[in-house]
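Report on the structure
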Amino acid sequence: MSTLIDTAPTRSRALSTTTPNPRPFRLVRHSLALAKRSLIKTWRTPEALIDVTLQPVLFLIIFVYIFGGAVAGSTHDYLQFLLPGILAQTIATGAIAIGVNLNTDIAKGIFDRFRSLPIPRSAPLVGAVLGDVVRYVIVTVSTLAIGYVMGFRIDTDPFRAIAGCLLAVLFALCLSWLPVLVSMKVRTPGAVQGLMFALIMPLSFASNVFVGADTLPGWMQAFVDVNPMTHLVASVRGLFLGTPVGNHVWWTLAWCAGFVAVFMPLALRAYRKKI
């Protein structure tokens, strides 16, 4: 009996030294579980998807049929030019919703419950970002669907088309850490929405979304050339239509890495201080 009592702690210490640290796997597992919660929440409130289903339809119809003839001389030609830009703009504005939803959940005390659970502190934010991928997929599908009804056609092969869609979704996932950070800093969901629109709208309009960059004033082109939206739109246009891509794909990936490297740590730090 004494031998068993003496060796049990030794065996426990040996197991603890040989078992690998499960923390990264815990973070992934709990983040995916909370991402599933976000997907269930979205499924039960389909009206929350209006911005990613109705907005691209309205933008395409308004800009193509009202401004297409004046801008490009042909609504069909302008549709071919505009759709990749509308996809990039809508998928970027769609990322605003995650900040609004997180701020609302914090106000309701849901994150107080998360804090009491035995999960990594960053899992709720990571799970929310991962769960929002369904919104970006819906944006992509709805934009391409209405575009095809209106006459848009992809001029490249399916692999490049899928690559363009995936690049747009990746951009939105990485950019979503910015509204997550904003949601930790401001007090109300309305403030999150207003501040994010003030940031996204200049990026959308001071770019090549609606017109060619070479038609803009010279003083504005300096900003347009470094605008991440410009690189994303040029990349998607090249992958959809076969226009020259250049280094735009690499610049887009670099911006994605920069968004994550800068805004993700800041958002997690602000979350730990807030909760």
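Residues numbered from 1 in each chain as written. Predicted model: local features only at pLDDT ≥ 70, side-chain atom pairs only at ≥ 80, totals over all residues. Heavy atoms only, no water.

Looking up the protein in an unreviewed UniProt entry gives the name Transport permease protein, with the organism given as Micromonospora zamorensis. Comment text from UniProt for the protein, heading Sequence similarities (unreviewed entry), reads "Belongs to the ABC-2 integral membrane protein family." (UniProt positions renumbered as here; feature names shortened; annotations may be inferred.)

This next bit is on the environment of Asp 155. Tracing the backbone shows Asp 155 in the loop between α8 (133-150) and α9 (158-175). Sequence-wise, Asp 155 and Gln 80 are 75 residues apart; in three dimensions their C-alpha atoms are separated by 9.7 Å. Apart from residues lying up to four places away in sequence, Asp 155 is in contact with Gln 80, Phe 240 and Leu 241. (Helix = DSSP H or I, 4+ residues; strand = E, 2+ residues; numbered from the N terminus. Contact = heavy atoms within 4.5 Å.)

Taken as a whole and assessed by the stated rule, the structure comprises two salt bridges. For Asp 132, the salt bridge is made with Arg 135, and the minimal N-O distance between the two is 3.9 Å. For the pair Asp 132 and Arg 135, one class covers both residues: buried. In this structure, Asp 157 engages Arg 160 in a salt bridge whose closest nitrogen and oxygen atoms are separated by 3.6 Å. The class for Asp 157 is partly exposed, based on a relative accessible area of 29%. (Salt bridge = Lys/Arg side-chain N within 4 Å of Asp/Glu carboxyl O. Buried < 20%, exposed > 50% of the residue type's maximum accessible area, 1.4 Å probe, protein only.)

For the rest of this paragraph, the subject is the confidence of the model for the protein. Here the protein shows a mean pLDDT of 84. Residues at 70 or above account for 88%. Predicted confidence in the protein is weakest over helix α1 (residues 2-18), with a mean pLDDT of 42, and strongest over helix α13 (residues 228-241), with 95. Within the model, pLDDT remains below 50 along residues 1-21, and this stretch shows zero contacts once partners closer than five positions in the same chain are excluded. (pLDDT = per-residue confidence, 0-100.)

Attention shifts here to the packing of helix α10 (residues 177-185) against helix α14 (residues 248-274). Running from N to C, α10 and α14 point in directions that differ by 25°, and their axes come no closer than 8 Å. Between α10 and α14, the interaxial angle falls into the category roughly parallel. You can see that α10 and α14 cross each other, and the crossing is left-handed. Note on element contacts: α14 touches α10 through Val 260, Phe 263, Met 264, Leu 266, Ala 267, Leu 268, Ala 270, Tyr 271 and Lys 274, opposite Trp 177, Leu 178, Val 180, Leu 181, Ser 183, Met 184 and Lys 185. (Axes fitted to C-alpha atoms, helices over the stretch in contact; angles between N-to-C directions. Parallel < 35°, antiparallel > 145°, perpendicular 65-115°, else oblique. Left-handed = near helix turned anticlockwise from the far one by under 90°.)

Considering the arrangement of structural elements, one finds Thr 93 in helix α4 (residues 75-93). Accessibility expressed as a relative area gives 5% for Thr 93, which makes it buried. Within polar-contact distance, the side chain of Thr 93 engages the backbone oxygen of Thr 90 at 3.0 Å. Setting aside anything within four residues of it in sequence, one finds Thr 93 in contact with Gln 55, Phe 197, Ile 200 and Met 201. (Polar contact = N/O pair within 3.5 Å; in protein donor to acceptor, adjacent residues only side chain to side chain.)

With that settled, the discussion passes to the UniProt feature "transmembrane region" (unreviewed entry) in the protein. Within this structure's numbering, the places UniProt gives as "transmembrane region" (unreviewed entry) are residues 48-72, 78-102, 123-149, 161-182, 194-213 and 249-268. Strand forms 0% of residues 78-102 and helix 92%; the C-alpha atoms that close the span are 37 Å apart. The annotated region residues 123-149 carries 96% helix and 0% strand content, and the separation between its end C-alpha atoms amounts to 40 Å.

Applying the stated criterion across every chain, the model contains ten aromatic pairs. Ring geometry for Phe 63 and Phe 67: centres 5.4 Å apart, planes at 40°, overall tilted. Of this pair, Phe 63 and Phe 67 both sit in helix α3 (residues 50-72), four residues apart, which is roughly one turn of that helix. Taking the relative accessible area as the measure of exposure, Phe 63 reaches 17% and is therefore buried. Residue Phe 67 is classed as partly exposed on the basis of its relative accessible area of 38%. (Phe/Tyr/Trp six-rings, centres within 6.5 Å; stacked < 30°, edge-to-face > 60°.)

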